[in-house]
Amino acid sequence: MARREHNLIPENRAWKRKLFRIIYFADTPAGRIFDLSLLVLIILSTVLVMMESMPKVDLRYHLFLVYIEWIITILFTIEYFIRVMIVKNKKDYIFSFMGIIDFMSILPFFISLFFPFTKFLSIIRLLRILRVFRILNLMDYMNDGHYIVQALRSSSRKIYIFLLFIMILVTILGSVMYVVEGGENGFTDIPTCIYWAVVTITTVGYGDISPVTGLGKFISMILMLCGYSIIAVPTGIVTSQMKRGMTKTRVCKRCGNSENDDDARFCKTCGETINLIP
């Protein structure tokens with residue numbers, strides 16, 4: 001059997017074990033056909049949701065689109081309950097990442113029976129296309145994402161502090177712009193001015209609000225120039241953490257120095273024999 005990508009266990013009955021092999025693995029012809037069919041339905045459903053949002057297309061093919069969406073959703077619902085039924089540790093699947101995605105992919109459709117506009121949230125089922133990594137034997141590439149996740153976790157405190165500083169900065173500058181522009185030229189209140197400060201400091205520049213006074217333009221210029229350096233800060237933090245996670249280092253047990261060369265046998269600070277830490 002193929003290498004496990006989850007901790008799910010099939011029920012004891014033979015037909016459930018067979019279904020489990022087909023649905024949860026892609027190492028058999030039936031399993032690959034099932035997963036590929038599932039991907040086709042996911043893509044088709046996504047296209048249908050997009051088409052329904054186009055007034056001209058929806059007006060002409062509304063009933064056809066609704067019928068197809070009903071059929072696809074019923075198939076996804078049946079598939080979800082089969083997935084739950086054939087595993088012994090049902091909670092492990094239901095509360096797993098893919099289990100939650102599978103459930104969320106069918107939930108908006110049934111909510112739309114009471115709140116029609118929510119049907120467009122069915123686009124979330126596109127996340128189920130992540131199963132393509134398993135079908136095409138690309139799961140090893142997913143392991144590379146571990147470095148990114150680990151880097152974000154390691155640098156989370158620095159990023160939180162950085163974001164707090166940015167929030168304080170845009171609040172202060174937004175308030176200053178409210179005073180400078182005198183509540184005019186689109187700067188009608190402090191929350192709107194804060195919105196302008198965020199758009200400006202991120203160098204997005206929608207242009208829906210712009211200062212008219214000389215001092216206001218000068219503040220805008222300083223804020224935009226600061227934006228380039230501010231964007232670089234979190235990038236540098238995460239990148240440095242990723243480099244640490246992907247690089248093997250030699251750490252000294254005695255003094256804790258981790259800046260030794262990769263091929264070093266002794267610590268450059270205290271001379272102690274050092275060990276390789278992956």
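See the structure printed just above.
These numbers come from a predicted model, not from an experiment.

K.L.:
Give a description of the overall build of the protein chain that names residues and reports values.
P.N.:
In terms of helices and strands, the protein chain carries 11 helices and two strands. Element order for the protein chain, N to C, with α for helix and β for strand: α-α-α-α-α-α-α-α-α-α-α-β-β. Burial analysis of the protein chain (278 residues in total) assigns 32% to the buried set.

K.L.:
How would you summarise the nonpolar core if you had to cite specific residues and measurements?
P.N.:
Counting residues in each nonpolar core, the largest one holds 18 residues, and the members touching the most others are Leu8, Phe20, Tyr24, Phe76, Ile86, Val87 and Tyr93. Of all the elements in the fold, those that place two or more residues in this core are α1 (14-24), α2 (29-52) and α3 (55-85). Per-element tally for this core: the top contributor is α3, with five residues. Ignoring anything within four residues of it in the chain, the contact list for leucine 8 reads Phe20, Tyr24, Val87, Asn89, Asp92 and Tyr93. Residues Phe162, Phe187, Cys193 and Leu223 belong to the second largest nonpolar core, which totals 14 residues.

K.L.:
With reference to specific residues and values, describe helix α10 (residues 190-201).
P.N.:
Owing to its 3.6 residues per turn, the α-helix aligns residues three or four sequence positions apart on the same side. A rise of 1.5 Å per residue sets the reference length of α10, with its 12 residues, at 16 Å; its end C-alpha atoms lie 16 Å apart and thus fit the reference within 8%. All of the buried residues along α10 are Cys193, Trp196, Ala197, Val199, Thr200 and Ile201. Of the residues flanking the end of α10, it is threonine 203, one or two places downstream, whose phi is positive at about 60 degrees.

K.L.:
Please set out the packing of α3 against helix α5 (residues 97-111) residue by residue, giving values where relevant.
P.N.:
At a closest axis distance of 10 Å, the pairing of α3 and α5 adopts a crossing angle of 145 degrees. As α3 runs across α5, the sense of the crossing is left-handed. Facing Glu69, Trp70, Thr73, Phe76, Thr77, Tyr80 and Arg83 of α3, the residues of α5 in contact are Gly99, Asp102, Phe103, Ile106, Phe109 and Phe110. Of the residues contributing to the contact of α3 with α5, the split by class is seven nonpolar, three polar and three charged.

K.L.:
Describe the packing of aromatic side chains, with residues and values.
P.N.:
Across all of its chains, the model carries 10 aromatic pairs by this definition. Judged by centre distance (4.9 Å) and plane angle (35 degrees), the rings of phenylalanine 20 and tyrosine 24 are tilted. Taken together, the positions of phenylalanine 20 and tyrosine 24, both in helix α1 and four residues apart, correspond to about one turn of that helix. Of the residues examined, phenylalanine 20 reaches a relative accessible area of 2% and is grouped as buried. The class of tyrosine 24 is buried, set by a relative accessible area of 5%. For the ring pair phenylalanine 117 and phenylalanine 120, a centre distance of 5.3 Å and an interplane angle of 65 degrees mean the geometry is edge-to-face. Put simply, the rings of Phe20, Tyr24, Phe25, Tyr80, Phe81, Tyr93 and Phe103 pair up and form one aromatic cluster. If you follow arginine 83 out to its NZ or CZ, it ends over the ring of tyrosine 24, 5.1 Å from the centre. When the ring centre of phenylalanine 76 is taken as reference, the NZ or CZ atom of arginine 128 above it lies at 5.1 Å.

K.L.:
Describe the pattern of salt bridges, naming the residues involved and giving the relevant values.
P.N.:
A full pass over the atoms with the stated rule returns six salt bridges. A salt bridge links glutamate 11 to lysine 90; the shortest N-O distance between them is 3.0 Å. Placement of glutamate 11 in the segment before α1 and of lysine 90 in helix α4 (residues 90-94) is noted, with a sequence separation of 79 residues between them. In this structure, the salt-bridge partner of glutamate 79 is arginine 83, at a minimum N-O distance of 2.4 Å. With glutamate 79 and arginine 83 both in helix α3 and four residues apart, this pair spans about one turn of that helix. Exposure class is identical for glutamate 79 and arginine 83. Each is buried.

Reading the values: rules and limits
Residues numbered from 1 in each chain as written. Predicted model: local features only at pLDDT ≥ 70, side-chain atom pairs only at ≥ 80, totals over all residues. Heavy atoms only, no water. Helix = DSSP H or I, 4+ residues; strand = E, 2+ residues; numbered from the N terminus. Buried < 20%, exposed > 50% of the residue type's maximum accessible area, 1.4 Å probe, protein only. Core = buried A, V, L, I, M, F, W, Y, C linked by side-chain atoms within 4.5 Å. Contact = heavy atoms within 4.5 Å. Expected span 1.5 Å × (residues − 1). Axes fitted to C-alpha atoms, helices over the stretch in contact; angles between N-to-C directions. Left-handed = near helix turned anticlockwise from the far one by under 90°. Nonpolar A, V, L, I, M, F, W, Y, C, P; charged D, E, K, R; others polar. Phe/Tyr/Trp six-rings, centres within 6.5 Å; stacked < 30°, edge-to-face > 60°. Lys NZ or Arg CZ within 6 Å of the ring centre and 35° of its normal. Salt bridge = Lys/Arg side-chain N within 4 Å of Asp/Glu carboxyl O.

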